[in-house]
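The chain contents come next:
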Amino acid sequence: AQTVTQSQPEMSVQEAETVTLSCTYDTSENNYYLFWYKQPPSRQMILVIRQEAYKQQNATENRFSVNFQKAAKSFSLKISDSQLGDTAMYFCAFMEYGNKLVFGAGTILRVKS
Amino acid sequence: DARVTQTPRHKVTEMGQEVTMRCQPILGHNTVFWYRQTMMQGLELLAYFRNRAPLDDSGMPKDRFSAEMPDATLATLKIQPSEPRDSAVYFCASALTENTEAFFGQGTRLTVV
């Protein structure tokens, strides 16, 4: 069974600084997708970024980027120039081709002014 | 503005009552997921459908929960009879295909007293 592990239950960062959230996963498959979702206090789940396993280039979306290490089964999220609006729960998620979407336990990120 | 629509947003019911939650996936999406979110268990996958056919409902307590897709525009999750331990936020999500990201509804907050 696929598992997703987020080892940091909570993190804090000062406004305008950079923070990295960790995620590891377990699979025997070669083709899959990885995602980071953000859940602010409104509880809406918002897709932040996605990565296809066959792509070696790390995905980026504005201030958000990932460090995808396929051999190590690691998929970390870097948030640059942190803003107060980035305060949220962040979930790492994994999906094998044609299969179900599995989430990690989440990391609460607090951005401080 | 394409979005996943869930109704109701909030539901308070007494133990033993039947609860029905509804989800309208984004038009054209062929995959629908149901998740339950609690503080203790995080985001649990209850069931998912592809082209209206159930693919996996192993995460769902079979004795009281049921999930269906009567047509491509409606997914339902029923609990009968409801119990206090069912209190949680229930999310529906849909994806265009089996290999694309999922978009979430705003969730139904269920409280069973």
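Details of the structure are given in the entry above.
Residues numbered from 1 in each chain as written. Chains lettered and ligands numbered in written order. Predicted model: local features only at pLDDT ≥ 70, side-chain atom pairs only at ≥ 80, totals over all residues. Heavy atoms only, no water.

## Overview of the state of the cysteines
Residues and elements named next belong to chain A. Under the criterion given, the structure shown has two disulfides over all chains. With a sulfur-sulfur separation of 2.0 Å, Cys-23 is cross-linked through a disulfide to Cys-92. Between Cys-23 and Cys-92, the disulfide has an S-S torsion of -70 degrees and is therefore left-handed. Here Cys-23, found in the loop between strand 3 (19–21) and strand 4 (24–26), pairs with Cys-92, found in strand 10 (residues 88–96); they are 69 residues apart in sequence, far enough to count as distant. Its relative accessible area of 2% is what places Cys-23 among the buried residues. On the accessibility criterion, Cys-92 (0% relative accessible area) is buried. (Disulfide = S-S within 2.5 Å. Helix = DSSP H or I, 4+ residues; strand = E, 2+ residues; numbered from the N terminus. Buried < 20%, exposed > 50% of the residue type's maximum accessible area, 1.4 Å probe, protein only.)

## Notes on the interface of chain B and chain A
The interface is formed by 23 residues belonging to chain B together with 17 residues belonging to chain A. Roughly 1,800 Å² of surface becomes buried between chain B and chain A when both sides are summed, with 51% attributable to carbon and sulfur atoms. Between the two partners, chain B and chain A, sit two salt bridges. A salt bridge links Asp56(B) to Lys100(A), with the nearest nitrogen and oxygen atoms 3.1 Å apart. Inspection of the region where chain B meets chain A yields twelve residue pairs in polar contact (both at pLDDT 80 or more). Put simply, the parts of the chain that give the side of chain B that touches chain A at least two residues each are strand 4 (31–38), strand 5 (42–50), strand 9 (88–95), strand 10 (102–104) and strand 11 (108–112) of chain B. Split into classes, the residues belonging to the side of chain B that touches chain A amount to nine nonpolar, eight polar and six charged. (Contact = heavy atoms within 4.5 Å. Buried area = accessible area lost by both parts, 1.4 Å probe. Salt bridge = Lys/Arg side-chain N within 4 Å of Asp/Glu carboxyl O. Polar contact = N/O pair within 3.5 Å; in protein donor to acceptor, adjacent residues only side chain to side chain. Nonpolar A, V, L, I, M, F, W, Y, C, P; charged D, E, K, R; others polar.)

## As for the nonpolar core
Core analysis: the biggest nonpolar cluster contains 26 residues, and Tyr25(A), Trp36(A), Phe75(A), Leu77(A) and Tyr90(A) have the highest contact counts within it. The leading source of residues in this core is strand 10 of chain A, at four residues. Each residue touching Leu77(A), except ones within four places of it in the same chain, is listed here: Val19(A), Thr20(A), Leu21(A), Trp36(A), Ile49(A), Phe64(A), Ser65(A), Val66(A) and Tyr90(A). If you look at the next biggest cluster of nonpolar residues, it comprises 22 residues, including Val4(B), Leu46(B), Phe49(B) and Cys92(B). (Core = buried A, V, L, I, M, F, W, Y, C linked by side-chain atoms within 4.5 Å.)

## Concerning the environment of Thr108(B)
In this fold, Thr108(B) is placed in strand 11. Note: C-alpha distance between Thr108(B) and Arg36(B) (72 residues apart in sequence) is 9.5 Å. Contacts of Thr108(B), omitting those with residues within four sequence positions, involve Arg43(A), Gln6(B), Thr7(B), Pro8(B), Arg9(B), Met21(B), Ala88(B), Val89(B) and Tyr90(B). Engagement of the side chain of Thr108(B) in a polar contact is seen with the backbone oxygen of Pro8(B), the distance being 2.5 Å.

## Some remarks on unusual backbone geometry
Residue Pro8(B) follows Thr7(B) across a cis peptide bond; omega there is -10 degrees. Residue placement: Pro8(B) occurs in the loop between strand 1 (5–7) and strand 2 (10–13). With an omega dihedral of -5 degrees, the bond running from Gln80(B) to Pro81(B) counts as a cis peptide bond. Phi at Arg43(A) takes a positive value of approximately 75 degrees, unusual for a residue other than glycine.

## So, the pairing of strand 5 (residues 32–39) of chain A
All names here are of chain A. Of all eight residues in strand 5, eight are buried; the element is thus mostly enclosed. Neither face of strand 5 is open: one carries Tyr-32, Leu-34, Trp-36 and Lys-38, the other Tyr-33, Phe-35, Tyr-37 and Gln-39, and all of them are buried. Pairing of strand 5 with strand 10, which is carried by eight bridges, proceeds in the antiparallel orientation. Residue pairing for strand 10: Tyr-37 is matched across the bridge by Phe-91. Pairing geometry for strand 5 and strand 6 (residues 46–52), over six bridges, is antiparallel. Bridge assignment links Tyr-37 to a residue of strand 6, and that residue is Leu-47. Linking strand 5 back to strand 6 in an antiparallel pair, the connection comprises six residues, with Arg-43 at a positive phi of about 75 degrees. (Pairing = 2+ DSSP bridges.)

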